[in-house]
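Structural overview
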Amino acid sequence: MSDSKNTRRGFLAASATMAAGLGFVAIAPGIRLIEAASAQGKLASSKVRYGLLIDSNKCKSDCDACVGACATENGIVEKVANPRQRAQWIRKINLVETSTGKTHSLPMMCQHCAKPPCVDVCPTGASFKRADGIVLVDRHICIGCRYCMMACPYKARSFGHQALTTQNPEVPRGQGCVEACTFCVQRVDRGLKPACVEACTNGAMIFGDLNDPNSDIYKRIREVSSRQVRADLKLDTGVRYQGI
Amino acid sequence: MFTPNFRYKEGPAFYLLVAAGGLVAALGVAAAYYMEHMGHIVTNMTNQIPWALPHVFAIFLIISASGVMMVASIGTLFGKNVYKPRARLACLLAIALLAAGLSVIMLDLGRADRLPVALTHLNPTSEFGLNIIFYPTFLTLTSLYLWTLMEPRMNRYSKTVDLANLIWRLMLTTGTGSIFGFIVARQAYGTAVLAPMFIISSFAWGLAIFLIMQRVLYGWSNMTLDLAVLKRMKNLLGIYIGAVFYFVSVYHLTSEYYAKQGDFEHFILIGGGIFPMLYWGGFVLLGTLLPLLLIFHPRIWPKPGAVTTAAVLVIGGALCHLYVLIVGGQAFPMEMFPGMTATSSFYDGAIEHYVPSLPEILLSIGGFGIVFTIAIIGARVLNVLPQDDIAQLKASGSLTD
Amino acid sequence: MFKRVLAVMLFSIAALAQPAVADAGRVPKPTPTIETPGQCVAPVEEMRRNHMEMLKHQRNRTMRMGERDTKVSLNGCIQCHASKTNGSVLGSRDNFCEACHSYAAVKLDCWDCHQPKANYKATASAPPTMGLKP
């Protein structure tokens, strides 16, 4: 009699523990690795790291071709009443060195850091870094808290302040979610270059795989002196600048 | 006179108070609905200043929720008899403040309909994400503690539960302060002193709110607070105010010492228009010096309303300080290229001017409406009114001068 | 006691019998227009039951792993299913997605971000001052 009681208890205890364990696994789906596992073939792979080299010497202060191309490619063409609420994924920054008066011009966009602060602070994991280094916003789970906008050292992110109807089918974006430069991931995934790089007529932008010894960018950053903006933050950005 | 199981008399006062609080809360919710429906285009929050007035109020309410529980802990854990009867009201206020603060911050989300997503997807490196665990657990522990206080058979567990609550609160408030402390991008943030500053601020703000609510309840029940008890509490508030001023001063002095922070500190403390005004006029003068005068001047503090006024000023000063920290920290342009002046179409290098819009103001004040309504209803149905047995306190030596 | 049980049973049968008794006055069943019938990625019954899972699974693969131009894709659905009248899957009770979703009262927030029109290209361009000056 007592034997059967103990085995029954033991069975119930074991199944309760197993159920609790399975329950935990089922309930905690969101606690997951931020980077997707690398895969073969066309899928985003950690063997690749996309980067951009920008030569600010070649960048002209009155040229904004990259900005217009980005807007066209990514469908950022809506009219917004308050220009401060208008999304801008790439912008031209004109710099004047205070002590010498020397001017520079360069495009600034999401730097696609290897240690992105926006990914660290996102409460839902919507801001994430893909295996190939591109930092994206998963607008399916973005709750629009704007913590990533506070945390980005490059002010790269914009917020959807109003309902949109003119989105590019390849680039979903909308009200209430945060967005930023994606390196034109819809083009990159198909073997093309980002729209800004294609549009630059001064040859100031080189895009490629920082890990591929045969790529232009790999060779250039070993030939010329380039640096990351706010390099002291040690974010290991994918975008590097020459000439500043 | 000590009335066990005190219950408020039926009358119009209760319904008027609830209606007033409810109206303010309803306006806030209506404003949130408008913002949610039309998008944040109807607010003045921009890509340059993504967090503004609603966040100032929400953070104030949430931090106060944690701090007001200190009133309870001083009684339960530290054994101070004067504070023991005040623990229940503190719990009620903590619950009300947390509910209000969370409401304001969640109603401001770009996609508030995705709250279940926030509850089921957790990024453990995100302080915001960890708060999804911190806040509900705090609510549970506070409710549990209130139960141990109100159920006589559970009284013996109240110390243990309060200890757990205290530890959890310290973690929670440190975390909320670290929301800013962990941001390396902006000159106003990214400093470890923000965490303890928020902790000590929570004590001050929580006690201030407690004193105000206690005054409201005493007025409603036609009771008066014994001056000896008031003296203990107002002294504590004074100490907290001084401690907050210490931490804020250390924050600014350290920041000012660094050459790279000089421009930012000049903006916040001298040249930035609204921000120096709010800091010096709002936080220092009205929020620190004037309350200290009202609290410690021997001829002023016993006067009716003096300490309550001091508490209200402390809250006003707190909101000014938070506004300067949160909005001022974003209004000053981010320095990406030191030694260079920047201009761009995305307002790089430009100081951002922010004025709260009506929906934001309504949502923010609606938070106070929510606190008030929950507190009044709670005080009506629960036995939380702090009542002092003065003779017994004097006899036990708790009220020596 | 028996009377109560009988009453409850009769009431339940009456309540359940309602749909069979009168269909008039209820919301009409959805009739989405299928522009290219018979060419969907899976049989109709499977699509009806599982399209949400298919889309959810695929969106993660596209977004997080870069898998594009696959058999299952939201843009693919829109290409086929967009109404020939207004070029979109939304707009009226005849449009493909809206027909069933408004009947079932299942709110779609896909279209807050995704473009519901097939072959859509924005004709506007960026405002001229966007590039350089604020």
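Time to look at the overall build of chain A. Each helix and strand counted, chain A has seven helices and 10 strands in total. For chain A, the proportion of its 244 residues judged to be buried stands at 52%. In chain A, the share of contacts with a sequence separation of at least 24, taken over all contacts with a separation of at least 6, comes to 62%.

Now for the overall build of chain C. Summing up its helical and strand segments, chain C has five helices and zero strands in all. The N-to-C order of helical and strand elements in chain C reads α-α-α-α-α. Taken across its 134 residues, chain C has 18% of its residues classed as buried. Taking the intrachain contacts of chain C between residues at least 6 apart in sequence as the baseline, contacts between residues at least 24 apart amount to 52%.

Formed by 195 residues in total, the largest nonpolar core has its most connected members in Val68, Ala90, Leu93, Leu97, Ala204 and Leu237 of chain B. Apart from residues no more than four positions distant in its own chain, Ala90 of chain B is found in contact with Val68, Met69, Val71, Ala72 and Phe210 of chain B. Grouped together as the second largest cluster of nonpolar side chains are seven residues, Ala82, Val89, Phe96 and Cys97 of chain C included.

Let us look at the domain arrangement of chain A. Taken as a whole, chain A is organised into domain 1 (1–31) and domain 2 (50–242). Put simply, the middle of domain 1 of chain A and the middle of domain 2 of chain A, counted by C-alpha atoms, are 50 Å apart.

What follows is about the interface of chain A and chain B. Each partner contributes to the interface: chain A provides 50 residues, whereas chain B provides 40 residues. Listing elements by their share of the side of chain A that touches chain B, those giving two or more residues are strand 2 (90–97), helix 3 (117–121), helix 4 (147–151) and strand 6 (158–159) of chain A. Among the elements that line the side of chain A that touches chain B, the one with the most residues is strand 2 of chain A, at seven residues. Here the residues of the side of chain A that touches chain B sort into 26 nonpolar, 16 polar and eight charged. Note: strand 2 of chain A against strand 1 (residues 340–344) of chain B, five bridges, orientation antiparallel. Paired with Glu97 of chain A across the strands is Met340 of chain B, a residue of strand 1 of chain B.

Here we take up the sheet that holds strand 2 of chain A. Taking strand neighbours across the sheet as the criterion, the three strands line up as 3(A)-2(A)-1(B) in an open arrangement whose pairing is antiparallel. Looking along the sheet, the strands with just one partner apiece sit at the ends: strand 3 (103–109) of chain A together with strand 1 of chain B. Across the sheet, the axes of successive neighbouring strands diverge by a mean angle of 30°, strand direction being ignored. As judged from the seven bridges shared by strand 2 of chain A and strand 3 of chain A, these two strands associate in the antiparallel manner. When the bridges of strand 3 of chain A are listed, Lys92 of chain A appears paired with Pro107 of chain A. Taken strand by strand, helix 2 (residues 65–74) of chain A contacts strand 2 and strand 3 of chain A, and its axis lies near 160° from that of strand 2 of chain A.

Residue and element names in this part refer to chain A. Spatially, four strands are ordered 8-1-10-9 in an open sheet, and the strand pairing comes out mixed. Both outer strands of the open sheet, strand 8 (205–209) and strand 9 (226–227), are each paired with one neighbouring strand and no more. Two strands pair when backbone bridges link them, and strand 1 (residues 50–55) and strand 8 are joined in this way by five bridges, in the antiparallel orientation. Within strand 8, the position partnered with Tyr50 by the bridge is Asp209. In the packing of helix 7 (residues 216–223) onto the sheet, contacts are made with strand 1, strand 8, strand 9 and strand 10 (239–242), and the angle to strand 8 comes to roughly 115°.

Helices that pack against each other are described as a pair by the angle of their axes relative to one another and the distance between those axes. Residues and elements named next belong to chain B. Running from N to C, helix 8 (residues 227–257) and helix 11 (residues 306–331) point in directions that differ by 20°, and their axes come no closer than 11 Å. Our classification of the angle between helix 8 and helix 11 gives roughly parallel. Considering how the two elements wind past one another, helix 8 and helix 11 form a crossing that is left-handed. Listed contacts from helix 11 to Leu230, Lys234, Leu237, Ile241 and Val248 of helix 8 are Val307, Ala310, Ala311, Val314 and His321. When its residues are assigned to classes, the contact of helix 8 with helix 11 shows eight nonpolar, one polar and one charged.

Residue and element names in this part refer to chain B. One way to put it is that helix 8 packs onto helix 9 (residues 262–271) with a least axis distance of 7 Å and a crossing angle of 140°. Judged by the angle between their axes, helix 8 and helix 9 are oblique. The two elements helix 8 and helix 9 cross, and the hand of that crossing is left-handed. Residues His252, Ser255 and Glu256 of helix 8 form the contact with helix 9, whose participating residues are Gly262, Glu265 and Leu269. Of the residues belonging to the contact of helix 8 with helix 9, the class tally is one nonpolar, three polar and two charged.

Now for the confidence of the model for chain C. Residue and element names in this part refer to chain C. In this model, chain C carries a mean pLDDT of 83, and residues with pLDDT of at least 70 account for 86%. Averaged pLDDT values over the elements of chain C bottom out at 79 in helix 1 (residues 2–21) and peak at 93 in helix 5 (residues 110–113). Overall fold confidence (pTM) sits at 0.89, and the ipTM for the predicted complex is 0.93.

Right, let's talk about the confidence of the model for chain A for a bit. Per-residue confidence for chain A averages 89 on the pLDDT scale, and 88% of its residues sit at or above 70. Residue range residues 27–41 of chain A is modelled with pLDDT below 50. Its contacts to residues more than four positions away, or to other chains, number 24 contacts.

Residues and elements named next belong to chain A. Counting buried residues in strand 1 gives six out of six residues, a clear majority hidden from the surface. Because side chains alternate across strand 1, one face comprises the buried residues Tyr50, Leu52 and Ile54, and the other comprises Gly51, Leu53 and Asp55, equally buried. Where strand 1 lies against strand 10, four bridges are found, and the strand directions are parallel. Bridged to Ile54 within strand 10 is Tyr241.

Residues and elements named next belong to chain B. Over its 31 residues, helix 8 runs 44 Å from end to end, which matches the ideal 45 Å to within 8%, given 1.5 Å per residue. Within helix 8 the residues assigned to the buried category are Leu230, Met233, Lys234, Leu236, Leu237, Gly238, Tyr240, Ile241, Val244, Phe245 and Val248. Buried residues in helix 8 make contact with helix 7 (194–220), helix 10 (274–296) and helix 11.

Further remarks concern helix 11 of chain B. Residues spaced three or four apart along an α-helix point in a common direction, a consequence of the helix completing one turn every 3.6 residues. With 26 residues, helix 11 of chain B extends 36 Å between its outermost C-alpha atoms, agreeing within 8% with the 38 Å of an ideal straight helix rising 1.5 Å per residue. Most of helix 11 of chain B is tucked away: 21 of the 26 residues are buried.

Turning our eyes to something else, we now look at the environment of Thr165 of chain A. Relative to the helices and strands, Thr165 of chain A is located in the loop between strand 6 and strand 7 (178–179). For the pair Thr165 of chain A and Gln186 of chain A, spaced 21 residues apart in sequence, the C-alpha separation works out to 19 Å.

Another point: the environment of Lys47 of chain A. All names here are of chain A. In this structure, Lys47 sits in the loop between helix 1 (2–27) and strand 1. Given 12 C-beta atoms within 10 Å, Lys47 falls into the exposed group. Put simply, Lys47 and Asn211 are 164 residues apart on the chain and 7.1 Å apart in space, counted from C-alpha to C-alpha.

Within the fold, Val67 of chain A resides in helix 2. C-alpha separation for the pair Val67 of chain A and Cys196 of chain A, spaced 129 residues apart in sequence, amounts to 6.8 Å.

The rules behind each value
- Residues numbered from 1 in each chain as written.
- Chains lettered and ligands numbered in written order.
- Predicted model: local features only at pLDDT ≥ 70, side-chain atom pairs only at ≥ 80, totals over all residues.
- Helix = DSSP H or I, 4+ residues; strand = E, 2+ residues; numbered from the N terminus.
- Buried ≥ 20, exposed ≤ 12 C-beta atoms within 10 Å, placed from the backbone.
- Contact = placed C-beta atoms within 7 Å.
- Core = buried A, V, L, I, M, F, W, Y, C linked by C-beta atoms within 7 Å.
- Domains from an automatic or database assignment.
- Nonpolar A, V, L, I, M, F, W, Y, C, P; charged D, E, K, R; others polar.
- Pairing = 2+ DSSP bridges.
- Axes fitted to C-alpha atoms, helices over the stretch in contact; angles between N-to-C directions.
- Parallel < 35°, antiparallel > 145°, perpendicular 65-115°, else oblique.
- Left-handed = near helix turned anticlockwise from the far one by under 90°.
- pLDDT = per-residue confidence, 0-100.
- Expected span 1.5 Å × (residues − 1).

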